[in-house]
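Notes for the structure review
Here is how the chains run, residue by residue.
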Amino acid sequence: MKFPWQRKQEDLRQELQSHLQMEASDRIERGEIAEHAQQAARREFGNVALVEQVTRDQWPWRWLDEFLQDLRYATRMLGKNPGFTLVAVLTLALGIGANTAIFGVVNAVLLRPLPFKQPSRLMMLFEGIPKLGFSKMGFSAPDFMVFVRAQKSFESVGAYQNKYFNISGDREPERLMAARVSSSVFPMLGAEPMLGRTFTSGEDAPGQNVVILSYGLWQSRFGSDPGIIGRSLELNRTPYTVIGVMPKAFNFPLRGPQGSEPAELWVPMAFTATELEGWGTNYMNGVLARLRPGLAFEQASAEAESLSHSIGSNYPPELTKAFQGAELKVGMNSYHEEVVKSVRTLLLILMAAVVLVLLIACVNVATLLVSRAGSRQKEVALRTTLGATRVRLLRQMLTESLLLALIGGSLGLAFASWVKTYLLSLVPESVPLPHDIPTDGSVIVFVLAASFVTTVLCGLVPAFQVSAMALHGPLQEGGRSGTPGRLRHRLQGFFVTVEFALALVLLIGSGLLIRSFAKLVETDPGFRPDHVLTLKIPIASERYTQAPKVRQFYEQLLDRTGNIPGVKAVGLTSDLPLNGCGTIAIQIEGGGNAGGETPQAICQTWQVGNYFQTLGIPLRKGRYFTLEDRIDAQPVAIVSETAGRQFWPGQDPIGKRIRWGVYSPWQTIVGIVGDVNDEPLGHPAQLHVYRPYLQMADLFFEDSRFGEVRSMNLAVRSQTDPASLTSAVIGQIHSLDPDLTVAHIRTMAQVISSSVAGPRFNTLLLGVFAAVALFLAAIGIYGVMAYATTQQTQEIGIRLALGAQPRNVLYLVLRRGVRLAGVGAAFGVAAALALTRLMAGLLYDVSATDPVTFSFVVILLLAIALLACYVPARRAMRVDPIVALRYE
Amino acid sequence: MAPRYQNRIELLQGTLDLLILQTLQWGPQHGYGISQHIRANSGEILQVDTGSLYPALHRLERQKWISADWKLSENKQRVRVYRLTATGKKQLLSERSRWEQLSDAIAGVLSPAKREGQA
């Protein structure tokens, strides 16, 4: 098949040929001999090929034609060097693939607007009590109602709250993540149901049990039943009517802000009467609002802040007194910002890391191209003689790089979708990243852009080098010692230096994370995590309505599990360490030295049985709780070491009294225990007050505003492997209540491990990219040194023949390699010093310029450089002088 | 490096275009014919270089001032024949008047006395 431009080319050739023939026949007519006439015509005409070329230059789409020519030629050239092509393409595929994978995540999470109507106008509101150290909390129900009535900046405001539901009915029961939402939330987000309807404002009042299903739940549990609307299902053993199904793409609440998780079903927020009276409690509601059209962020933010006071003035007087000096403050931020802020640093650092990997890959390919350019001198000379211009040669060389980059890019795209899936499957629960990100058009655009950038990065220098050969003219291309050879030598050295600098930056980054992670894991959590099994016992409020029944259940449970053979100690706690805990404000009797009248924020948990002994939390002074600390005995509490020191500096806390706001009687401190990490490892220890669960007032069990007080965590210390006790423990639980579903069965070692899952994920990812970078850099320096040594074979032969010792030769080769690596390392250290401070937020107990990491990485890199040079150096050392002198 | 034609084309550009358009006014002609015609009518003074002629022809064709067809010549040879288009005719008129202005102006500069004498 002939392409139009090929035809056109032949036409031109014929046109010029006819010109020659007509001139010749004219000359013959004028009496010249045929032979002379032909020659004269040709002389008159000039260089046919050149006339052809300058004429072609006038054609439209000329560049495309030439580009296709170059492309054909490039394909042939790459096909002739399958080894080179394979290495270059794989290197680029690795670089582009890694970039594409990370870009896919960055694009979906950071760059793309949230999947709601006019997402930039969606705001998140929060309350805070800065004086107590609470910078951002949700809204309490009564505060939310005051805010909704008073505000003028938002066209709509809505609250949501995650909540677990046990779904039962026609199929086996399941525990599902759900969300309570105000009726205004779905319209505010612009979310339309796929089937049925969303909530009406009438459903904001309690008592209307309606539910909206997510697409996923509708599919998996209800077999995509189109007639689902109006059907009934059981949530927490209460019937609910299905009124709607949301489309597949709808996802709410978005993971991130205030621990929100995507829900599988939604029920109306419908605050209960007790919730609406819960002043000063349960700051648990996420609040979303949509800015009025035309209103600027700052104006709305200022108004929201100004409403802090009117919220505070609605508080009951006794509470205002207790909270004296600790005012509420309302704040606002864009919803998008709240969703992405916790992962932004990580993603940007990963993006930077993969860009470095791609740069290293480019440098590697550039090095290969430069080395190969040496063998193309003859080809270049020929093309120049035939009239190829320098620009044309440059374009030809760039076309070859482009072809490499495009093949690498398409391989990279396939590689990227695999990497992305794998990477997202590793995302731990604690890192708010989506678990599934579809590849979209922008990723394809990115791959193309990355391929072009790659082309320029890795092709430009070698292309200039080749086109520079054209300047020297065809006949000057003599021995290897010519100028292009020296240029090549210098270019390669430059590339190796750059590569080492880049790899060093990446290695230092990941080195810092590894060191920080090691320190994190070594931190003392304040308890002994070995040989401890934990289980969550979510007992249902429907069955255990009365407080005495709950207390009785747990006392029996302690008794029975304590008697299992192999169990050393058992205890119950409302919250396990490392999982966060409910923070309250307490008053200190007599003000204490630290507090004055101002309440103090402290983390509060409830215990029964030998909890401290089970977890190995050391007693510093006084006593642990006993089963005698009951509801009818004197109210007592145990505080953590730091809390004791802070509240009563220089005094003995034992015998002092505290109380929780206005909701409890004064409690006497009976013991002081060691500090325990309530937050995941790496966070500073919090102040902590422990309370006997058996002293929890009946009110707590009757009033839902105090949350799920029935559900406790059982901790069991074993003599042998704690996991081996699991079935015996569950057996005992079921012997008390066969309907209980036990959740979160984990050993304490697993709890620790999952508390550092986020940092481990960061470390792993950056570590992988650093390893890839190191590998590429090592290949790069090996390639250059091996090539340079081959080129020097003659010189080495002469040296050996003149009496040089093999180790002199070894030294000669190693010296160059180490010098290049050393210069690269110096630049790398400078760059790393400037860049690593950006990741300070991800580091624990390690400075961003940690000298240990820096020196270790530099030594590691130099050692690898030495190794990479050693192989070619040894080969050089063994050169046979006779063979070497004959070389070429 | 080989000398380039590019410069010479640039020097001649406007003039060569005019000469080609003018030649084609007398009827369709092929490249060789055009070069012979210019040469003969300039008293053998203007020798059009093929490296300028063909690029110019192809450029004028692209600008749609001339069009080209394949024809059989008298000695049964396939030749590419150019003809003036309607827009080409207009272009010729404007180029001619520009050329006349230019040559008058140059003539005026070269022999001011004569010009004054006329006035």
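Residues numbered from 1 in each chain as written. Chains lettered and ligands numbered in written order. Predicted model: local features only at pLDDT ≥ 70, side-chain atom pairs only at ≥ 80, totals over all residues. Heavy atoms only, no water.

Glancing now at the overall build of chain A. A tally of helices and strands in chain A yields 29 helices and 22 strands. Split into buried and exposed, the 888 residues of chain A put 52% on the buried side. For chain A, the share of sequence-separated contacts (at least 6 apart) that also reach a separation of at least 24 residues comes to 81%. With the model as given, the accessible surface of chain A reaches about 39,000 Å², and the carbon-plus-sulfur share is 59%. Each charge sign in chain A was given a centre, from 81 positive and 72 negative side chains, and these centres are 8 Å apart. (Helix = DSSP H or I, 4+ residues; strand = E, 2+ residues; numbered from the N terminus. Buried < 20%, exposed > 50% of the residue type's maximum accessible area, 1.4 Å probe, protein only. Contact = heavy atoms within 4.5 Å. Areas by Shrake-Rupley, 256 points an atom, 1.4 Å probe, with all protein chains shown as cover. Lys, Arg positive; Asp, Glu negative; His and termini not counted. Charge placed at Lys NZ, Arg CZ, Asp CG, Glu CD.)

Turning our eyes to something else, we now look at the nonpolar core. In a soluble, globular protein the nonpolar side chains are often hidden away together inside. Residue and element names in this part refer to chain A. Ranked by internal contacts, the top residues of the largest apolar core, which has 126 residues, are Phe252, Trp266 and Tyr335. The greatest single-element share of this core, amounting to 22 residues, is contributed by helix α13 (residues 335-373). Two domains each provide a minimum of three residues to this core, namely domain 2 (122-339) and domain 3 (341-522 + 757-886). Not counting residues within four places of it along the chain, the set of residues in contact with Tyr335 comprises Leu114, Phe116, Leu122, Met123, Met124, Phe252, Pro253, Leu254, Pro257 and Leu288. Listed in part, the 48 residues of the second largest apolar core include Ile539, Leu558, Ala643 and Met696. (Core = buried A, V, L, I, M, F, W, Y, C linked by side-chain atoms within 4.5 Å. Domains from an automatic or database assignment.)

Each assigned domain of chain A is listed here: domain 1 (4-59), domain 2 (122-339), domain 3 (341-522 + 757-886) and domain 4 (539-740). The gap between the C-alpha centroids of domain 3 of chain A and domain 4 of chain A is 57 Å.

Right, let's get into the pairing of strand β11 (residues 329-334) of chain A. Residues and elements named next belong to chain A. Within β11, five of the six residues are buried, leaving the element largely enclosed by the surrounding structure. As defined by bridge partners, strand β1 (residues 122-129) adjoins β11 across six bridges and the pair is classed as antiparallel. Pairing of Gly128 across the sheet is with Lys329, part of β11. (Pairing = 2+ DSSP bridges.)

To continue, consider the state of the cysteines. Residues and elements named next belong to chain A. Under the criterion given, the structure shown has one disulfide over all chains. A sulfur-sulfur distance of 1.7 Å marks the disulfide that ties Cys581 to Cys603. Taken together, the residues span a long stretch of sequence, with Cys581 in the loop between β13 (567-573) and β14 (583-588) and Cys603 in strand β15 (residues 600-609) at a distance of 22 residues. In this structure Cys581 comes out as buried when scored by relative accessible area, which is 15%. Residue classification places Cys603 among the buried residues on the basis of a relative accessible area of 1%. No disulfide involves Cys458; its sulfur sits 5.0 Å from that of Cys362, the nearest cysteine. The class of Cys458 is buried, set by a relative accessible area of 0%. (Disulfide = S-S within 2.5 Å.)

Quick look at a nonpolar patch on the surface now. Residues and elements named next belong to chain A. A cluster of nonpolar side chains, namely Leu86, Leu90, Ile407 and Leu411, defines an oily patch on the protein surface of about 350 Å² accessible area. Those elements that place two or more of their residues in the nonpolar patch are α5 (82-111) and α15 (390-425). Summarising the element assignment, Leu90 is placed in helix α5. Here Leu90 falls in the partly exposed class, since its relative accessible area comes to 49%. (Patch = residues over 30% accessible without salt bridge, like charges linked within 9 Å, V, L, I, M, F, W, Y side chains within 5 Å. Salt bridge = Lys/Arg side-chain N within 4 Å of Asp/Glu carboxyl O.)

Across the contact, 22 residues belong to chain A and 23 residues belong to chain B. Carbon and sulfur atoms supply 55% of the area that chain A and chain B bury against each other, a total of about 2,300 Å² over both sides. By the criterion of area lost to chain B, the three top residues of chain A are Glu15(A), Met22(A) and Gln58(A), representing 28% of everything that side buries. Linking chain A with chain B are two salt bridges, by the criterion used here. In this structure, Glu15(A) and Arg80(B) form a salt bridge, with 3.7 Å as the shortest nitrogen-oxygen distance. Run the count over chain A and chain B and you get ten residue pairs in polar contact (both at pLDDT 80 or more). Mapped onto the side of chain A that touches chain B, the elements with two or more residues apiece are α1 (4-29), α2 (34-45) and α3 (48-56) of chain A. When its residues are assigned to classes, the side of chain A that touches chain B shows nine nonpolar, eight polar and five charged. (Buried area = accessible area lost by both parts, 1.4 Å probe. Polar contact = N/O pair within 3.5 Å; in protein donor to acceptor, adjacent residues only side chain to side chain. Nonpolar A, V, L, I, M, F, W, Y, C, P; charged D, E, K, R; others polar.)

Residues and elements named next belong to chain B. Mapping Glu95 onto the fold places it in helix α4 (residues 86-110). Here Glu95 occupies a buried position and makes no salt bridge, while the nearest side chain of opposite charge, Arg98, is found at 4.7 Å. When sequence neighbours within four positions are dropped, the list of residues in contact with Glu95 reads Gly14, Asp17, Leu18 and Trp65.

Attention now goes to the packing of aromatic side chains. Under the definition given, this model contains 30 aromatic pairs over all chains. Three or more aromatic residues link up through ring pairs in this structure, and these residues are Phe116(A), Tyr160(A), Phe186(A), Phe199(A), Phe250(A), Phe252(A), Trp266(A) and Tyr335(A). Positioned over the ring face of Tyr164(A) is Arg175(A), at 4.0 Å from the centre of the ring. One Lys or Arg, Arg78(B), reaches over the ring of Trp70(B) and ends 4.3 Å from the middle of that ring. (Phe/Tyr/Trp six-rings, centres within 6.5 Å; stacked < 30°, edge-to-face > 60°. Lys NZ or Arg CZ within 6 Å of the ring centre and 35° of its normal.)

Below, the discussion takes up the packing of α5(A) against helix α25 (residues 757-791) of chain A. Residues and elements named next belong to chain A. At their nearest, the axes of α5 and α25 sit 12 Å apart, and the two run at 160 degrees to each other. Classified by the angle their axes make, α5 and α25 are roughly antiparallel. Read as a crossing pair, α5 and α25 show a hand that is left-handed. From α5, Thr91, Leu94, Ala98 and Ile102 reach across to α25, where they touch Phe769, Val772 and Leu776. Its residues assigned to classes, the contact of α5 with α25 comprises six nonpolar, one polar and no charged. (Axes fitted to C-alpha atoms, helices over the stretch in contact; angles between N-to-C directions. Parallel < 35°, antiparallel > 145°, perpendicular 65-115°, else oblique. Left-handed = near helix turned anticlockwise from the far one by under 90°.)

What follows concerns the pairing of β14(A). Residues and elements named next belong to chain A. Burial analysis of β14 places five of its six residues in the buried class, the great majority of the element. Where β14 meets β15, four bridges bridge the pair, whose relative direction is antiparallel. Across the sheet, residue Thr583 finds its bridge partner in β15, namely Cys603. Note: β14 against strand β18 (residues 657-660), three bridges, orientation antiparallel. Residue pairing for β18: Ile586 is matched across the bridge by Trp660.

In this section: the sheet that holds strand β1 (residues 29-30) of chain B. All names here are of chain B. The strand order β1-β3-β2 describes an open sheet built from three strands, whose pairing is antiparallel. The sheet is open, and its two borders are formed by β1 and β2 (66-72), each paired with just one other strand. In terms of strand pairing, β2 meets strand β3 (residues 78-84) through seven bridges, oriented antiparallel. Its bridge partner being in β3, Leu72 is matched across the sheet by Arg78.

Before going further, it helps to spend a moment on the environment of Gln14(A). By the element assignment, Gln14(A) lies in helix α1. Residue Gln14(A) is classed as partly exposed on the basis of its relative accessible area, which comes to 35%. Ignoring anything within four residues of it in the chain, the contact list for Gln14(A) reads Trp70(B) and Arg78(B).

With that settled, the discussion passes to unusual backbone geometry. Glycine aside, the phi torsion of most residues is negative, and most peptide linkages are trans. All names here are of chain A. The omega torsion of the bond from Phe252 to Pro253 falls at -5 degrees, within 30 degrees of zero and hence cis. The topology assignment puts Pro253 in the loop between β8 (238-245) and β9 (265-268). One non-glycine residue with positive phi stands out, namely Ala270, at about 35 degrees. Here Ala270 lies in the loop between β9 and α9 (273-276). What makes Ala270 buried here is its relative accessible area of 13%. Residues other than glycine seldom take positive phi values, yet His531 does so here, at roughly 55 degrees. The partly exposed category is assigned to His531, whose relative accessible area is 32%.

Helical periodicity: at 3.6 residues per turn, an α-helix aligns residues three or four positions apart in one direction. Those residues of helix α2 (residues 31-41) of chain B that fall on the buried side of the exposure criterion are Gly31(B), Tyr32(B), Gly33(B), Ile34(B), Ser35(B), Ile38(B) and Arg39(B). Following α2(B) by one or two positions, Gly43(B) has its phi on the positive side, about 65 degrees.

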